[in-house]
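# Working through the structure, step by step
The residues making up each chain are set out below.
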Amino acid sequence: MVSYLGAACRSWLPASLPLSIALLVASPQAPAHAQATPSEQQAAVTTTSPDAIKEREQELEAAREQQRKATELQEKLKADIAAIGQDRSKLNQQLIDIAGQVRGVETRIADAEARLQPLDGREREIRASLDSRRAEIVEVLAALQRAGRRTPPALLVRPEDALQSLRTAMLLGAVVPELRGRAEKLATDLGELVALRKTISTERDALAQDRDKLREDQTRLTALVDERQRQQAAAEKDMEAEGTRAIALSKQVGDLQGLIAKMEQDLKSAAKAAATANLQGAPATVNGKPNLDAFKNPARSSPAVAFASARGLFSYPVNGTKIRDFGGSDGAGGLQKGISLAAKAGAQVTTPCDGWVVYAGPFRSYGQLLILNAGGGYHVLIAGMERISVNIGQFVLTGEPVATMGSTSQVASILATNASQPVLYVEFRKDGTPIDPGPWWAANEGEKVRG
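Rules behind the numbers
- Residues numbered from 1 in each chain as written.
- Predicted model: local features only at pLDDT ≥ 70, side-chain atom pairs only at ≥ 80, totals over all residues.
- Heavy atoms only, no water.
- Helix = DSSP H or I, 4+ residues; strand = E, 2+ residues; numbered from the N terminus.
- Buried < 20%, exposed > 50% of the residue type's maximum accessible area, 1.4 Å probe, protein only.
- Contact = heavy atoms within 4.5 Å.
- Core = buried A, V, L, I, M, F, W, Y, C linked by side-chain atoms within 4.5 Å.
- Phe/Tyr/Trp six-rings, centres within 6.5 Å; stacked < 30°, edge-to-face > 60°.
- Salt bridge = Lys/Arg side-chain N within 4 Å of Asp/Glu carboxyl O.

### Things to note about the overall build of the protein chain
Helix and strand counts for the protein chain stand at 10 helices and 13 strands. In the protein chain, which comprises 451 residues, the share counted as buried stands at 43%. Contacts spanning at least 24 positions in sequence make up 71% of the contacts within the protein chain whose residues lie at least 6 apart.

In structure tokens, the structure reads:
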């Protein structure tokens, strides 16, 4: 009888469920330690070879389909960029929109992974519990079979069917009280497992779709960034030489204040950006409040809102978790002059505010460093990226993509703590002195401006 149940239940156990509702997979006639003879092994190879060939063919077809989609995407990108032409406002808006989509998908992926972690853990617990009760499960199902005086139903081909069989037997009073309690416990565990597997499957499907969309959006964003830099390079023919000179100058100073002063004094494009920032003045306010409509103009060439008036409007430059706050210990006996955010590998970095790029490149223990002159004596420093995609002298808008995180931390341990993730360091300065950036961050999603 037990062997019959084992044969019946093996048919409804999917390959991905080697647990022990695997209750019955172990048959007395087929001990786990039995070894196949050489002739049996050869027969197995012969019978599985066509399946292996078919699997390779499916993989090849999937690769061709991916290549076809990539080609179509590239053609569409070329057409979109051609349509944008030299229209700076259209390009800026596309960059901000796509960067926002990328960060939105990054957030959804992080949320999905966080939801899956406890679900996966609970599934492992139930599987382990059922594995430990293999004999009991066989006994309960065998007893139900005897009580019903008939073989298991023909539809007993899935865990859901086993669960339904148990529930039906209990409702009909076909089991004695003691057996009923054991069957109810088994039914509860089976029910939770079935529900968990459905939830996990749904979450993983959504996660896979988001990851596919993220890859497509990142490809599009890369093409748009390249076009932006091509147009910028055409306008500033000596940009490459400026970047080289900036790095050389950065080696002559010992701290950030000296770096900012050196750039804005000695480097042509940085000095021009700083002078423009000083000349622009503070944008007008509406009834004493910032004019948020100004953020909707992607063609602007000066800040939409005065930095001092933008408190409570900015979003973090990257999706991440704050691991060190302004004024806290820096781990080396000093105080933290900015905030540190642990981010995902390859995460998109955007500007929290409008500003002119006065430095972009490596600097001492900061890794890749980006400095924006936001006007009014304010500077924003962003460090720890693997790659920066803007150049000195550029004016960048709130929410515009400017850099990408690497796979490991790029900043010194004094800033990055012991985090295994990439860490982004953000510092605000007023007239050369670090200030608490806390008041500038939006308290919730609805208050953020994204350009």
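### Quick notes on the nonpolar core
Ranked by size, the top nonpolar core spans 35 residues in total, and within it Phe307, Phe314, Val349, Leu370, Met385 and Phe428 carry the most contacts. Elements with a minimum of two residues in this core: β4 (339–343), β6 (355–362), β7 (368–375), β8 (378–385), β11 (401–404) and β12 (423–430). Tallying contributions element by element places β8 first for this core, with 4 residues. Counting residues in hydrophobic clusters, the runner-up holds 27 residues, among them Leu256, Tyr359, Phe363 and Phe395.

### Looking at the packing of aromatic side chains
Under the definition given, this model contains 11 aromatic pairs. A centroid spacing of 5.4 Å and a plane angle of 75° characterise the contact between Phe307 and Phe428, whose relative ring orientation is edge-to-face. In this pair, Phe307 is assigned in the loop between β2 (289–290) and β3 (320–324) and Phe428 in strand β12, connecting sequence segments 121 residues apart. Among the residues examined, Phe307 registers a relative accessible area of 4% and is labelled buried.

### Section: the pattern of salt bridges
According to the stated counting rule, one finds 16 salt bridges in the structure shown. Close ionic contact of Lys262 with Asp266 constitutes a salt bridge, the shortest N to O distance being 3.2 Å. Taken together, the residues Lys262 and Asp266, both in helix α8 (residues 256–266) and 4 residues apart, mark about one turn of the helix. Among the residues examined, Lys262 registers a relative accessible area of 25% and is labelled partly exposed. Overlapping salt bridges bring together Glu113, Arg211 and Lys344 as one network.

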